[in-house]
Amino acid sequence: MSKRRVTSTDIANATGVSRSAVSLVLNGRGDGMVDAGKQARIRAVARELGYVPNASAVNLRRQRTATIGLVTDAIASAPFAGPLLSAASDVALEAGYMILTIDTWQHPDYVDGAMATLRARDVDGLIYADAGLRQIEGLEAPLGIPLVLANAYVADDSLPAFIPDDEGGGRAAAELVLRAGHRRIAFITGNPDSPATVQRVRGFTAALNDAGLPVGDSIVPALYSLSSNHAAALELLRRPDRPTAILAANDRGATGVILAAASLGLSVPGDLSVVGYDDEQFFAAEVPPGLTTIALPHREMGRRATADLLARIAGEDRPYGGTERLPCVPVVRGTVAPPPVA
């Protein structure tokens, strides 16, 4: 048989004070109404008896359910985006909130239905999060509750959004190998329709321009896959003036570059320096000799989006809209070294 829930009546009987006094103290309204000594006694007995506030009653008084809806697109299956969900949950739980999550599994048509489903469960606010940076079209906050975006944004900045500074990340990757002394640098890009690709190319180009180096044919289009980067790297490394450093679209792409180098008898980082992108959890650090990469701020996006949403739920006056770009920082491991001596 399960243990009976401790009630305010039990605490009143144990302390010898009225039930109304117990309720005032446990609800944080005892000051000026109940003697300080009695308040201390009530709280002590409540702890001893294992009293837990009734969440439904508390939320009814607050006119909230203490739940957040989180609609995600493939994050549940993405190998590198888990920290976003983890950080969002940590922030929510610390504030006494639970998160209800629906993953749309890369079906854009499911988003409106997912939000409607969560709204029907009286969530206090919504977060939409994407596994890969994406511009969202036609997304609006449901009536009466706030909506915040993570790793996604709207073109007119009408919704608050927290996204990676991918232009800064592309620049940081190039500057990392420039500081190591490299001057023949190539960048194998990701999917051409991805906003992240456009921004990283912009950052890479700016870094080379600042260093006085021509971009020329150093930018090679590819996809966010190991095989695509492997093929692109083979083409680059067979050139007479092959690059001494290659920046890859992502960490798995960087692995394709390393395998291409090995197939041609080139060592990393002795003959070729390689930089990935993402800092994929349980992967990047394990790629021999430890992959130097650019970390996407997944945890920070989840943390900031959830904190912002909770502030709006609490009634804090904040401008509604605006996109905030969070730094993508280098993680230096073992795949970057000075270029080989000619």
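Refer to the preceding data block for the structure.
Nothing here was measured: the structure is a model prediction, and the numbers come from that model. (Residues numbered from 1 in each chain as written. Predicted model: local features only at pLDDT ≥ 70, side-chain atom pairs only at ≥ 80, totals over all residues. Heavy atoms only, no water.)

Looking at this structure, I do not really get the pairing of strand β4 (residues 147-153). What am I missing?
On any regular strand, side chains alternate: one points to one face of the sheet, the next to the other face. Counting buried residues along β4, 7 of its 7 residues qualify, which places the element largely inside the surrounding structure. Here strand β3 (residues 125-135) pairs with β4 via 6 bridges, running parallel. Opposite Leu126, over in β4, you have Leu147 as the bridge partner. Summarising the sheet, β4 and strand β5 (residues 161-164) pair through 2 bridges and their orientation is parallel. (Buried < 20%, exposed > 50% of the residue type's maximum accessible area, 1.4 Å probe, protein only. Helix = DSSP H or I, 4+ residues; strand = E, 2+ residues; numbered from the N terminus. Pairing = 2+ DSSP bridges.)

Which parts of the structure should I look at to understand the packing of helix α7 (residues 166-179) against helix α8 (residues 195-210)?
If you want to describe how two helices pack, look at the angle between their axes and the distance between the axes. The interhelical angle for the contact between α7 and α8, taken along N-to-C directions, is 40°, at an axis separation of 6 Å. Judged on the interaxial angle alone, α8 and α7 are oblique. With respect to the hand of their crossing, α7 and α8 are arranged in right-handed fashion. Residues Asp166, Glu167, Gly170, Arg171, Ala174, Glu175 and Leu178 of α7 form the contact with α8, whose own contacting residues are Ala196, Gln199, Arg200, Arg202, Gly203, Phe204, Ala206, Ala207, Leu208 and Asp210. A breakdown of the residues in the contact of α7 with α8 according to their chemical character gives 7 nonpolar, 3 polar and 7 charged. (Axes fitted to C-alpha atoms, helices over the stretch in contact; angles between N-to-C directions. Parallel < 35°, antiparallel > 145°, perpendicular 65-115°, else oblique. Left-handed = near helix turned anticlockwise from the far one by under 90°. Contact = heavy atoms within 4.5 Å. Nonpolar A, V, L, I, M, F, W, Y, C, P; charged D, E, K, R; others polar.)

Which parts of the structure should I look at to understand α8?
What sets the pattern is the α-helix's 3.6 residues per turn: residues three or four places apart point alike. Between the first and last C-alpha of α8 there are 23 Å, a value that for 16 residues agrees with the 22 Å anticipated at 1.5 Å per step. Three or more residues of α8 are buried, namely Pro195, Ala196, Thr197, Gln199, Arg200, Val201, Gly203, Phe204, Ala206, Ala207 and Leu208. Where α8 begins, the side chain of Ser194 points an oxygen toward the backbone nitrogen of Ala196, at a separation of 3.1 Å. Following α8 by one or two positions, Gly212 adopts a phi angle in the positive range, close to 75°. (Expected span 1.5 Å × (residues − 1). Polar contact = N/O pair within 3.5 Å; in protein donor to acceptor, adjacent residues only side chain to side chain.)

How should I be thinking about the side chain of Asp166 in this particular structure?
Relative to the helices and strands, Asp166 resides in helix α7. Here Arg200 takes part through its side chain, which lies 2.9 Å from a polar atom of the side chain of Asp166. At a separation of 2.9 Å, a polar atom in the side chain of Asp166 contacts the side chain of Tyr277. Not counting the four nearest positions on each side in its chain, Asp166 is found in contact with Leu133, Ala196, Gln199, Arg200, Tyr277, Leu296 and Cys328.

Would you mind showing me how to read the packing of aromatic side chains here?
Working definition: an aromatic ring pair is given by the centre-to-centre distance plus the angle between the planes. Taken as a whole and assessed by the stated rule, the structure comprises 1 aromatic pair. For the ring pair Phe187 and Phe204, a centre distance of 5.3 Å and an interplane angle of 45° mean the geometry is tilted. On the criterion of sequence distance, the pair formed by Phe187 in strand β6 (residues 185-188) and Phe204 in helix α8 is long-range, its members being 17 residues apart. Over the ring of Phe283 we find Arg252; its NZ or CZ atom is 4.5 Å from the centre of that ring. (Phe/Tyr/Trp six-rings, centres within 6.5 Å; stacked < 30°, edge-to-face > 60°. Lys NZ or Arg CZ within 6 Å of the ring centre and 35° of its normal.)

Looking at this model, I keep getting lost on the sheet that holds β3. Mind explaining?
Hydrogen bonds along the backbone pair up the strands of a sheet, which may run parallel or antiparallel. Taken together, 6 strands build an open sheet; the order of strands is β2-β1-β3-β4-β5-β11 and the sheet is parallel. Each edge of the sheet is formed by a strand with only one pairing partner; in this case those strands are β2 (98-103) and β11 (323-326). Ignoring strand direction, the axes of neighbouring strands in this sheet form an average angle of 20°. Relative to β11, β5 is paired through 4 bridges, and the arrangement is parallel. Paired with Ile163 across the two strands is Arg325, which belongs to β11.

Is there a simple way to think about the side chain of Thr104 in this case?
In this fold, Thr104 is placed in the loop between β2 and α6 (111-120). Apart from residues lying up to four places away in sequence, Thr104 is in contact with Val71, Thr72, Asp73, Tyr110, Val111 and Ala114.

Looking at this structure, how should I read the nonpolar core?
Note that soluble globular proteins tend to have their nonpolar side chains buried in a common cluster. Ranked by internal contacts, the top residues of the largest apolar core, which has 24 residues, are Ile188, Ile246, Val257, Leu272, Val274 and Leu291. Those elements that place two or more of their residues in this core are β6, α9 (226-237) and α10 (251-263). When neighbours within four sequence positions are excluded, Val257 is seen to be in contact with Ile188, Asn229, Ala233, Ile246, Ala248, Leu272 and Val274. Counting residues in hydrophobic clusters, the runner-up holds 21 residues, among them Val71, Leu133, Ala161 and Ala196. (Core = buried A, V, L, I, M, F, W, Y, C linked by side-chain atoms within 4.5 Å.)

I'm lost on the sheet that holds strand β8 (residues 245-247) in this one. Help?
With parallel pairing, the 4 strands of this open sheet are ordered in space as β7-β6-β8-β9. Looking along the sheet, the strands with just one partner apiece sit at the ends: β7 (219-220) and β9 (273-275). Lying on the sheet, α9 is in contact with β6, β7 and β8; it crosses β6 at an angle near 155°. In this fold α10 packs onto β6, β8 and β9, with an angle of close to 165° to the strand it touches most, β9.

Quick question: what am I supposed to make of the environment of Asp217 here?
Within the element layout of this structure, Asp217 appears in the loop between α8 and β7. Distance from Asp217 to Ala207, taken between C-alpha atoms, is 15 Å for residues 10 residues apart in sequence.

What should I look at first to understand the pattern of salt bridges in this one?
Pairs can form between side chains of opposite charge whenever their charged atoms are close. For the coordinates displayed, the defined rule picks out 14 salt bridges. In this structure, Glu280 and Arg252 form a salt bridge, with 2.6 Å as the shortest nitrogen-oxygen distance. Taken together, the residues Glu280 in the loop between β9 and β10 (293-295) and Arg252 in helix α10 connect sequence positions 28 residues apart. Under the relative-accessibility criterion, Arg252 is labelled partly exposed at 36%. A cluster of three or more residues bridged by salt bridges with shared partners is formed by Glu300, Arg303, Arg304 and Glu324. (Salt bridge = Lys/Arg side-chain N within 4 Å of Asp/Glu carboxyl O.)

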